[in-house]
Amino acid sequence: RRAPRHVVRDRLGVNATALGSVPTALFCFLSQAESFEEALGYAIDLGGETDSIGAMTGAIAGARHGASAIPGRWKSVLERGARGATYIEEIATRLYEQTFVRGA
């Protein structure tokens, strides 16, 4: 379930290519599927292309666990300006409504 980091990096990759990031993100999620925070933390701790792998892992884990799984201490430090956390939440809500509520 939780392979040593060097094994994941060597076998799956931690780079910007699809082959070096998508399988790694899937592994990070699947190896820590019960916890949004653990899955994302594992992805970031691997090093390498952490922004892409972390984003994919977070998206998959978020789809499974929902926004409530994002730790409050993470949300509390997000920017609050015109394009900050509130703006992002509003866009996400509109996207969800357009995709799943109205589009159904």
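What you are looking at is a predicted structure, and each value in this text was computed from that prediction instead of being measured.

Calculation notes
- Residues numbered from 1 in each chain as written.
- Predicted model: local features only at pLDDT ≥ 70, side-chain atom pairs only at ≥ 80, totals over all residues.
- Heavy atoms only, no water.
- Helix = DSSP H or I, 4+ residues; strand = E, 2+ residues; numbered from the N terminus.
- Buried < 20%, exposed > 50% of the residue type's maximum accessible area, 1.4 Å probe, protein only.
- Contact = heavy atoms within 4.5 Å.
- Lys, Arg positive; Asp, Glu negative; His and termini not counted.
- Charge placed at Lys NZ, Arg CZ, Asp CG, Glu CD.
- Arc of directions from axis to C-beta.

Let us now look at the overall build of the protein. Of the regular secondary structure elements, the protein holds six helices and zero strands. Along the protein, helices (α) and strands (β) appear in the sequence α-α-α-α-α-α when read from the amino end. Here the C-alpha coordinates of the protein stretch approximately 40 × 35 × 25 Å along the principal axes. Per-residue burial for the protein yields a buried fraction of 25% across its 104 residues. Of the contacts formed within the protein by residues at least 6 apart in sequence, a portion of 58% connects residues at least 24 apart. Across the protein, the 12 positively charged side chains and the 11 negatively charged ones have centroids separated by 3 Å.

Right, let's get into helix α3 (residues 36-45). What α3 keeps buried is the set Phe-36, Ala-39, Leu-40, Tyr-42 and Ala-43. Looking straight down α3, one finds that the buried residues subtend no more than 160 degrees of arc, so they occupy a single side. Buried-residue contacts for α3 involve α1 (5-12), α2 (22-31), α4 (50-65) and α5 (72-75). Two residues or fewer after α3 comes Gly-47, characterised by a positive phi angle close to 80 degrees.

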